[in-house]
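# Coordinate analysis (summary)
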Amino acid sequence: MRNKLFLILAILVGVSGCSAPAGTWGWYVIDPTLPNGYNNIRFLLNGFGATITVSVIAAVLSMTIGLIVALPGMSLNRWVRLPSRIYVEFVRAIPLLPMLFWVFYGLPVVLRSMGINFPIEPFWGAVITLAISDSAFTAEIYRSGIQSINKGQTEAAKTIGLSYIQSMLYVILPQAIRRILPPLANQFIYIVKMSAFASVIGMQELTRRANELVVTEYRPLEIYTLLIFEYLILVLIISFFVRWLERKMGSDERK
Amino acid sequence: MHNPNTAIEIKGLNKWYGDFKALTDVSLTVSDGERVVVCGPSGSGKSTLIRCVNSLENHDSGQITVNGKLLADKHSINEITSEVGMVFQNFNLFPHLSVLQNLTLGPIKARGMSRKDAEERAMAYLERVRIPEQANKKPTQLSGGQQQRVAIARSLCMEPKIMLFDEPTSALDPEMIAEVLDVIIDLAEDGMTMIVVTHEMGFAKKAADRMVFMDQGEIVETGTPAEFFEAPKSKRCQLFLKQILQH
Ligand SMILES: Nc1ncnc2c1ncn2[C@@H]1O[C@H](COP(=O)(O)OP(=O)(O)OP(=O)(O)O)[C@@H](O)[C@H]1O
Ligand SMILES: [Mg+2]
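Here we summarise the structure given alongside this text. All figures in this text were calculated on a predicted structure; none of them were measured in a lab.

### Points about the overall build of chain B
- In terms of helices and strands, chain B carries nine helices and 10 strands.
- Taking 18 Å as the expected radius of gyration for a compact globule of 247 residues, we find that chain B reaches 18 Å, a close match to that expectation.
- Overall, chain B is about 55 × 45 × 35 Å in size when its C-alpha atoms are taken along their principal axes.
- Within the span of chain B, comprising 247 residues, buried residues form 55% of the whole.
- Considering only residue pairs separated by 6 or more positions, chain B has 65% of its internal contacts joining residues 24 or more positions apart.
- Accessible area of chain B: about 10900 Å², with a carbon and sulfur share of 47%.
- Averaging the locations of the 27 positively and 32 negatively charged side chains of chain B gives two centres separated by 3 Å.

In structure tokens form, the structure reads like this:
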């Protein structure tokens, strides 16, 4: 972890320290010691709030939808299983960007035709798209995690009178969670990165702000470099947290 | 009509796994308080039979009646399984819970008992299987014999009228078999109705009221232990006993 941070710092210093002919580099656009640069940086960093909010809400929704899809997907009855399979295959096949367009531009039309006048704001358009698109993957994560638990556990739960929901809640999920959480956290990283697509429907998150600044400042290299580091830092913080979580759960099991 | 002394009545039971016929026309009646030992070669359908009784498996045709209730719809299944306890070959304890929590989970969640009452009951049954001092350990910290005794206590905490045992000592090291069998014999002496699938013939001679020999999904022979061991009628049974008693 520490090594990684050093590496990033080194790259940052290297990039910004490059001496180049005037007119090639323009780090002044994001130089916090200059009034304009300071304002620009503030403008860019303010995108963190939206990126994080969209990602967190989408992730929570995705985990919920994923579980709701995964549970019937493990039924012994193929007709109960079928809708889950169709959902997963269908959603997994749609690229994020077309789905985002469909939700943002198409869904309001569908709603209006049903007599519901509900404009979809960029924020919710992004949340819905990210959550649905990701839920196909979380559903598969739940499924493999739950199926990794020995069938005997379910049988034992049944023989002591637990209902299906109770045996999931008290017996299966607590054991499966160790296997489920790390890949779920990985999916969260995926959501954070994919939230950049929300910029195309006008959501004021990190990428959108960078785009807008590029249009006024004509400094794509510097601004996009900063943008990349913004994501990098965000993802590193999350992956640091994931490691911590994995260690914690690993040690809990040894106890 | 239902004979009040009949605990389990199985009539004409058939069971397929896909194309494979695991049980063929199995009929068996177990009286209240009776101890039935089921034996037979591997793959003969012993597990399948007792798993049908507490509906861990669905049967394809035939009738199963437990304490006068026909095993049919979801309601009757719940009613019946609450009266039938089951002990598995590989214990199936919940590894993420302590021994005490393993025992109280059913009473608290399925029966709505208070934690305090459930723990009292759990401790009583842990005494019964002679390991009250292990209450706060995790199952993985116990020996196989201790784990199986916890599994028995966990079943008993639901206060079943009938206990099913599926090779309860097969996964145990030889020196631990006796401690588990002693607990089962203890239960048998208290009048618990039980079906025990086992190859422990010493146990069978001591505890069984009746022996059932299965082969290829059929009940080939039943009889008192005396008849069964002294004078088995069928060839298949004679062969089986010869093989098993050699070991
Ligand atoms: N879930 C299943 N799917 C398909 N076949 C099965 C299934 N369970 C059991 N069988 C088959 O049914 C037959 C009877 O199995 P069962 O487990 O009842 O035998 P058993 O008498 O308990 O044997 P063992 O002494 O090995 O435990 C075996 O041939 C087995 O392969
Ligand atoms: Mg078996």
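### So, the packing of aromatic side chains
- Applying the stated criterion across every chain yields a total of eight aromatic pairs over all chains.
- Between Trp25 of chain A and Trp27 of chain A, the ring centres sit 6.0 Å apart and the planes meet at 15 degrees, which makes this aromatic pair stacked.
- Residue Trp25 of chain A is classed as partly exposed on the basis of its relative accessible area, which comes to 28%.
- Three or more aromatic residues joined by ring pairs make a cluster, and in this case those are Phe101, Phe104 and Tyr105 of chain A.
- The residue whose ring lies beneath Arg78 of chain A is Trp79 of chain A, and the NZ or CZ to ring-centre distance is 5.3 Å.
- Positioned above the aromatic ring of Phe94 of chain B is the side chain of Arg154 of chain B, whose terminal nitrogen or guanidinium carbon lies 4.5 Å from the ring centre.

### Some words on the packing of helix 2 (residues 35-45) of chain A against helix 9 (residues 206-217) of chain A
Residues and elements named next belong to chain A.
- Across the interface, helix 2 lies against helix 9 with an axial gap of 9 Å and an inter-helix angle of 150 degrees. Considering the angle they form, helix 2 stands roughly antiparallel to helix 9. Together, Asn36, Asn40, Phe43 and Leu44 of helix 2 and Leu206, Arg209, Ala210, Glu212, Leu213 and Glu217 of helix 9 make up the contact between the two elements.
- Among the residues forming the contact of helix 2 with helix 9, the class breakdown is five nonpolar, two polar and three charged.

The rules behind each value
Residues numbered from 1 in each chain as written. Chains lettered and ligands numbered in written order. Predicted model: local features only at pLDDT ≥ 70, side-chain atom pairs only at ≥ 80, totals over all residues. Heavy atoms only, no water. Helix = DSSP H or I, 4+ residues; strand = E, 2+ residues; numbered from the N terminus. Rg over C-alpha atoms; globule rule 2.2 N^0.38 Å. Buried < 20%, exposed > 50% of the residue type's maximum accessible area, 1.4 Å probe, protein only. Contact = heavy atoms within 4.5 Å. Areas by Shrake-Rupley, 256 points an atom, 1.4 Å probe, with all protein chains shown as cover. Lys, Arg positive; Asp, Glu negative; His and termini not counted. Charge placed at Lys NZ, Arg CZ, Asp CG, Glu CD. Phe/Tyr/Trp six-rings, centres within 6.5 Å; stacked < 30°, edge-to-face > 60°. Lys NZ or Arg CZ within 6 Å of the ring centre and 35° of its normal. Axes fitted to C-alpha atoms, helices over the stretch in contact; angles between N-to-C directions. Parallel < 35°, antiparallel > 145°, perpendicular 65-115°, else oblique. Nonpolar A, V, L, I, M, F, W, Y, C, P; charged D, E, K, R; others polar.

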